[in-house]
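Examination of the molecular architecture
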Amino acid sequence: MCSIPGLPTPGSEVPVLITRVNLNSSCGLVELLVNIDDGRKHVYEEMREEIQTSERKSYGSEGKAGDLCLVCITDSWHRARIVSTQSGTCNVFLIDQGQPHTATREALAWGQSDSFLLPPETESCILANIVSLENNWPEKATKFLESLPGKTFKGLVQHVLMPDRIIVLDIPVVSKHMCKFGVAKKLPVDEFKCLVQKCLEADRITPEQNLNVGCQLEKHDQYFYPELLTETFETVHVTEVTNPYNIFCKLLIFSKAVKILSEQIQQHYEENSDLGEMPPLNYGDPCAAKGMNGRWNRSLLKQTLTTSDATVQVLHVDEGKIELVPVGDIRPLHGKFLRMPVVTYRCSLEGLKDNGKGWTTDQTDYLKSLLLNQTIVAKFNHHNILQDVYTVALYAENAACINTCFIEKAGPFSPSKTEQVSVVNNEAIPSSVLGPLGDERCVDLQSKIIVNVNGLEEETLISTKNLAVNGRTDDVSTSETDDTPSKESEDHPVPLIQINGHLSTDFPSEAQNAFDDEVSVGGSVIVKVSFIESLQKFWCQKVENGDCLRLLMQDLQNHYASAHPQPLVESICVARNPDNDMWYRAKIMASHHSPVVDVRFIDYGQTRTVALRDVRPIDPSFLRLNAQAFQCCFFNRNISSNPTTNTQTDDAEFQKFVDLGALSNSGLKCIVKAVTSDEDGLPLNMVDIETPSDSELLTQTCAQPEACIQIPEQVPSDAYSYSTHNIEVGGKEKMWVTSSENVNHFYCQLDRNSCLFDKVMENIKQWLCQPECTDHQIGLKSICLARYTDNQWYRGQVEEMSPKLKVHFVDFGETLAVNESDIRPFPTGANMAKSIPVQAVPLGLFDVPAKVPQEVNQWFADHAVGQGFTISVVAKEANGKLIVELFEGSLNVNIKVREKISKMIKQGKNSLIQQTDQQLPNSSEHASVSNEDCLTQELVNKSVLTNMREQSKVHRKNETCAGDEWSSQTITNVSAPETEHEKILDEGRKPALDVIVTDKEIEGGHNDSEVTQLSLPSCPEGIYMYKWPNILQNKTEEVYTSCIVGPHHFWCQYINTKDLNMVSVLAQEAGQAHYDMMFPKTLGPGSPCLALFSSDNQWYRAQVTRRVDDAFNVLFIDYGNESNVPIKNVRSLPQSLLEKTPQAFLCFLNGFDESEGSWDDDAYDSFHSLLVDKPLTVTMLNTEDHSEGPVPQYAVEIECEGMVVNAAMQKYWKSTAKENVPVEASQTETLLLDGQIQSNMTNLTVSKENGNTCMYKEPCISKNKKVAVYASCIVEPHFFWCQYANTEELSKVTRLAQEAGQAEHDMMFPETLGPGSPCLALFSSDHQWYRAQVIQRVDDIFDVLFIDYGNEADIDIKSVKSLPQSLLEKAPQAFLCSLNGFDKSRGSWNDEVYEEYYNLLVDKPLTVTVLNTEEHSESAVPQYAVEIECEGVVVNAAMQKYWKSIAKEHVPVEPSQTETFPQDGQIQSNMTNLTDSKEIVDAYMYKEPCFSKNKKEEVYASCIVEPHFFWCQYANTEELSKVTRLAQEAGQTEHDMMFPETLGPGSPCLALFSSDNQWYRAQVIRRVDDIFDVLFIDYGNESDVDIKNVRSMPVSLLEKAPQAFMCSLNGFDKSRGSWNDQVYDDFYNLLVDEPLTVTVLNTDNHSERAVPQYAVEIECDGVVVNAAMQKYWKPVAKERASFEHPETKTFVQDNQTKSNMTNLTVSKENGNTCMYKEPCISKNKKEAVYASCIVEPHFFWCQYANTEELSKVTRLAQEAGQAEHDMMFPETLGPGSPCLALFSSDNQWYRAQVIRRVDNAFDVFFIDYGNESDVDIRNVRPLPQSLLEKAPQAFLCSLNGFDKSRGSWDDEVYDDFYNVLVDKPLRVTVFNIEYHSEMAVPQYAVEIECDEVVVKTLMEKHWKGLDTDDTLAESLVSVDQDNVECWSLKSSKKHQMNALDLLDEWPCCDKAGLTFVS
């Protein structure tokens, strides 16, 4: 060995395991990281174990660069060396892995010195004789080098270079291969050593410096580059293009983050221009560089700094641009700017080669014109790690492949063999990926990374498919399409494992099936049988993947030979087969709660029971290869009815076949006949197998002359097989409706099952040819074959025998009466037809009433049956019926049905509205589309009842266009099988309709040629006889364009071609008639006829435009194109064809008036490309006669692939007028508003008088309806804007605005604008266009209001554009609001309100209720008075403390004789807002009133504002009289001019009340100029008092307590509800001038006044006022969204965990938030019960005496409680949520409902018992659906006949009531039901019988009724008789305490202890 420890001796041969490969960036060398196998592997193992267990000293912060340490990575410790340290992190070099790592200081520790004696396990080598002087590695060489890691070679050590510790290693095997690629060069050993040394001196390739081994070239270790996974799509912005191999793409999703970072860098370096002496910077260092544009950038030095006056080359990493920058413009990069990852990647176009000639300037210029500064979609196909480049396919907005476009137009290239396979074949880009470019949300975003910009964390979404955040990943694809990774290199497959790399941790739920997406039904593949479970199930492997599987198995054995057991986290794992002790990829199938598990080996199919110690988590790198075994069964085989014979004979035959295939080494040919699912839901391929040589079918070899059965399972002879078809809740399916009873019950067939239905029909036809079986009798429920009205036979089941024979057609869901001759027994041997599951799936529409008008049901049946739709499954019913949302394209049919029902109700259930066909546009198939030759169509003949995908195929050049994808998703069916009609349609589909308009004709079309020039006048009456479509205004149709001339002349054809097919069939028949020589003479312009189209020799309906010599120029009215037809090729038109509406209609693009402008020359090609071959949605906006022909022409708006075509064409329109051009656009941006808070709205010059100039629609907002919003612009509570939380419409508007903003600037347009005018305006902060309204103009500046956000801005005259009509018609997405309840004429806000109000609303989801609407006084927009709820708090109430009300002057007088408070308008006067706070309470020197809690006081109400704010004055006025007398005396003193200056908020004084000119004691609230606002503390009213009318207070008066005190009605928490508008009058009338008795229950300092406020209970004339006010209280329940799951239903609440709920505020209105069913209890019916929880007569729970159901519930609860704890589930729980909870006393699980959460515990009540308990957060589980559906077994009761508002219980009642009921059988009768005021459960007023005694009579002695004034009581009852009984109060504190005292004496309740919550 070498004298250097751990290094080999030069000249020695050593075995090395290559772990990583890196190509040196500057010298063209190959660097290897290797493990030298010198027999010391066990020593390193011991060392690793030792450092895991040895003592470690905490690292602290004393370490420095170069120190040795230990670092913890995923619970394992590794040796490392510190490279650099930053504030909280350290960059270290892992000694034994040879790679860098970043760790926190907490993850480092000092190790024992012995731990570092061993040399590094991984050494750095330079591969000898391999050099690329141009650093241009051939692709094959790159792939070969990529395949080296993981392989072991023998190498010859040539040199060991110190101090770099670099080994020059010659590996002859590698050198030999590299010679083939032209990069291996035999050099003398010393010469190559010198080359390496020079490179080391220039580049210093040491392990510590090369911290990013194997990563990108030219990327410094301190820049972080998240790596993109391949086979994924991303929306990117192209920042730099130099040639097709060097394109820089920036991920669009990070554009905002990069922009923010750029601004911060610019600001930082501009403000700190002089940073002192420049530290040395070297090649590859990150820096900040000032570019030629004057902006600072994050950059990377491309050369070392030398002199200060030189220029250096830098790479701007965020743009990919290289510039020469003066050294003076270079700065060290601040560490905070390194935190943001670099998301700009170098890319290379796939499919191109320059053949060594380089790229011409024209080629690169053309490429730049395509790409530079464009936003496009990139598919990242491959990552060449060694060259640091991504191979990409780029797609334009219209899904066109840019790679292909460049190849076609820039010149011929010769793509490599592997490249030819991929992108050049016009691979279709998924429309969901492409989306509207620029809409960041179209990217698939599944997780988040944190991007820290300037220390502020910004959550940035990023696709987990594309980025591995923690470092680089291998080139591993998790895409479903990447099924064969081994195909990357034919000669050298990529190894399947790279253990030391940072790999993707995405575990699939199950390894992908080897068969996925590769072999369609009817296809074949060569396989070998890997495992035979039975003839009904065996497993096959594809032969072509054999080498990959072999390599995988080798790597598995090597890797897991030394792997230690670890906890399992996924069902996919690696397991050791006990039969051969080899490791296999496996899936855990079952766990026995013991040390063994059942696993299935996913590459072979066997199932084994394996010990847990032999199971390991799978390394993600082993998931690159899909599961290799796929499950099969035989498709259709004759098998003996004797199972024994089957097993012995057939197994032997099958094994013979398998052995034969193995011997031949050619495998077996597997033909896929069908695909279904097994009992576990796994794919089951139904196949035939044959040997490739002699094509001998195994099914023929094994045949027996017995009945034919269908594998995999047999079904009973008298039953069909039913299946759920693997449809899950939340899933989407394409289907067609087969029959409909009503909207709540109809049937469909799934598109994906069409092949199975075809197989059924084929099998039925085979058996119908055989004699009918007569020994089987047909009875009720018998399965049978039945003949339908189309004379075809289908599967059926007998439903009725008499009086009529009725059969249920099971595959259609329809039940019909049939004749006896139309039914026959199901053939005994037709097991194929019997075993395929029933195809009809029962459905019901979601959120549709149970009772629906028959007219609606009929309309639905007429328009839905036979049509194709998409369903979204919302729920599953127990009987298998699916509750669905039904979609036809973008149309939600559920909404249409609900609208129809609503309309029917409004119309008094009149007849169904006419024109029903417009409600549900038909969507079926694509029939005729236009190609480059204007129109080419081919109709394909397929069965109506099969998958209609083939119908939609048409003859096009580009077979992968979006039109194909769309139309393949649609289906056409009939209401029931109609084979005869199908035959007719088939005949019609066979002729290919290739209607061609030549290029010459199209070109002429632009120049008034024959194509567009209809030279006829309006057609005379009697000649124009076609019935043109009667299309209503604003009707939407799904169409294709069939003929395109230009935006002002094009034809659209319906997507649903059912009628077109029929017309085509009839036309061919009619065209066979003999030629009538006289007929052509009758034809003139406008005449209908049949014409022969020469291109396909088919007949079509036509209309004559003119006659030219011996030919007619005709218009084909079903397509729109024109042609010259010889006179002999026209025929007369039958009446049947004349009556059918033309299937195409003439259109022009709306919004472009030809008299006001014209199209430029590019418009025609662009318009054609935009529409051709694509499904479109057109909206008819207007109809007019075509100026040149007798056909109607429709002004339309077109949507194509999410884009409004009218807007897209705007840029080609040259306007010659001032008028606005209506367009729409496509881009999304939802947030505007830089500095919106500072935008304190300027005065608008628009008033009500000119409001009519505002042409925007008003928002559609209903009174008292809640709307979910965000606050988009907040100025103050009386002026703020709200924006809808649902931003879908906003996104459309924004997208349209960007498109419209691209129109040319019209110099005249701004002159037309005045206050209130609508326009588009450019917002300077983000340079985006938004809808706006002019406020005023000052010189060349418009002050505008952005109507979708609410903020204002000054806009330059050049930055306004006209508004398209389409944008004008859309309602504003924001609306102006004012906080309700604060009348500006009666008060004002204090200064703190603005900031507090802003913080309360900003960025939070809000719920607003509109209470009133009025025009804003200064703006031509409506303003809405609203009530706001934010996170469960009523904002109106929360803002009360900032309001300073102006109270009208009230006369304080004594209440005993005269009125005490003549207060004008005091009810309307809201609470005033004192500016004093708790800090100045000591300034308040009045004594507090002397009150005791729970003591009653006799009072009068002296000042009444509302139930939360009123003043009471003692009824005994003796003291008040003294105070008043003293005050008059003290007020006579002379005015002290200095005294008012000493007064501040809270100061006591004497004040003169102007109304009676008397002096009263007062307290200052505030001072405004020379006026004091004061509170008269003996009355409670407020008044403004002149500064001259205040006097100092004598001590004698100061010592007397105030004679009035402030009160609030107890029991109504303002943060949990609000009063309705009637409360103020009623509360005032109830209290005014009445003697009252108040009981003080609580005291609190008023938040806005330096006086105490008392929570009181009031009695007035025997009525408890608190109860009487209950009916005016509106509690606020947080909105809950319910999500269903097959087994769990939970509630989710926004921010509910923050809200430690007290009592629930659920009332009758929101009682439905509890999803437990209510107990099924009838009024006046007796129930046998026991009392399960007894608190008091007004609160106790009863449990049914029959406990059978309770036992079931208890058993299910215990089973469900065994589920694992879901840490996220408790976060979804809020008050009212159902759950399972563990009761601590018996450690059993019970159903419960959450009351509140306090810290980490839930207070719950057990709904089957009634008691409450605190349960730890860990002891709650989700509730299965089965338990949620069972009604509670206990119900809350109250003893009937005792009204709490009219009395109370004495203290003895609790013991007596408990003793009467406990443990005794009871009979209860329910008299009344109401919702408990504090719990989301019903409470039943009951009468109880116990031992034949009525309990009510026993309890009457404990009841203390209140003395009442009958007159007042009766008057109150008459006000609202029904509500009096519903008044509900809590038990008084006294009663609750008494109940608590009893708890210790009460025994446990049944099943659970009792918890009483006060």
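Right, let's walk through the structure included here. (Residues numbered from 1 in each chain as written. Predicted model: local features only at pLDDT ≥ 70, side-chain atom pairs only at ≥ 80, totals over all residues. Heavy atoms only, no water.)

1. What about the packing of aromatic side chains?
Tallying each qualifying case throughout the model produces 60 aromatic pairs. Note on Y560 and W583: the rings are 5.8 Å apart at their centroids and 35° apart in plane angle, and the pair reads as tilted. You can see Y560 sitting in helix α10 (residues 546-560) and its partner W583 sitting in strand β29 (residues 583-591), a full 23 residues away along the chain. In terms of burial, Y560 and W583 fall into one category: buried. (Phe/Tyr/Trp six-rings, centres within 6.5 Å; stacked < 30°, edge-to-face > 60°. Helix = DSSP H or I, 4+ residues; strand = E, 2+ residues; numbered from the N terminus. Buried < 20%, exposed > 50% of the residue type's maximum accessible area, 1.4 Å probe, protein only.)

2. Description of the pattern of salt bridges
With the rule as written, the count across this model stands at 41 salt bridges. The residue E263 makes a salt bridge to R295 at a minimum N-O spacing of 3.3 Å. Here R295 lies in the loop between β15 (286-290) and β16 (296-301) and E263 lies in helix α5 (residues 255-271), a separation of 32 residues in the sequence. Exposure remark for R295: the relative accessible area of 28% places this residue in the partly exposed category. Here R1818 ties to D1816 by a salt bridge, and the two come within 3.0 Å at their closest N and O atoms. On the accessibility criterion, R1818 (55% relative accessible area) is exposed. (Salt bridge = Lys/Arg side-chain N within 4 Å of Asp/Glu carboxyl O.)

3. A short note on the environment of P1594
Note that P1594 resides in the loop between β81 (1590-1591) and α29 (1595-1598). Taking the C-alpha atoms as reference, P1594 lies 9.0 Å from L1550; in sequence the two are 44 residues apart. Among all residues touching P1594, those that are not within four sequence positions of it are A1530 and L1550. (Contact = heavy atoms within 4.5 Å.)

4. A word on the side chain of N246
Mapped onto the secondary structure, N246 falls in strand β14 (residues 246-251). Residue classification places N246 among the buried residues on the basis of a relative accessible area of 18%. Within the structure, N246 has its side chain in polar contact with the side chain of T242 (distance 2.8 Å). Side-chain polar atoms of N246 contact the side chain of R346, separated by 2.9 Å. For N246, the contacting residues outside a window of four places in its chain are E240, V241, R346 and C347. (Polar contact = N/O pair within 3.5 Å; in protein donor to acceptor, adjacent residues only side chain to side chain.)

5. Topic: the sheet that holds strand β40 (residues 783-787)
Spatially, 5 strands are ordered β43-β42-β41-β40-β44 in an open sheet, and the strand pairing comes out antiparallel. Bordering the open sheet on either side are β43 (814-817) and β44 (823-825), each of which pairs with just one other strand. Strand after strand, the sheet turns through a mean of 40° between neighbouring axes, direction not considered. Its contacts with the sheet place helix α13 (residues 754-768) against β40, β41 (793-800) and β44, and it is angled at close to 85° to β41. (Pairing = 2+ DSSP bridges. Axes fitted to C-alpha atoms, helices over the stretch in contact; angles between N-to-C directions.)

6. A word on the sheet that holds strand β27 (residues 537-542)
Working definition: the strands of a sheet are paired by backbone hydrogen bonds and lie parallel or antiparallel to each other. Around the barrel, 5 strands lie side by side as β26-β27-β33-β36-β35; this closed barrel has mixed pairing. Within this sheet the neighbouring strands show an average axis-to-axis angle of 50°, counted without direction.

7. A closer look at the pairing of strand β65 (residues 1328-1338)
Counted residue by residue, β65 has 8 buried out of 11 residues, so it is predominantly covered. Examined bridge by bridge, strand β64 (residues 1318-1323) and β65 share 6 bridges and lie antiparallel to one another. Each residue of the ladder has a partner; that of P1318, found in β65, is Q1333. Where β64 folds back on β65, the antiparallel hairpin that results is connected by 4 residues, among which H1327 adopts a positive phi of roughly 60°. Judged from the 6 bridges that link them, β65 and strand β66 (residues 1341-1346) form a sheet pairing that is antiparallel.

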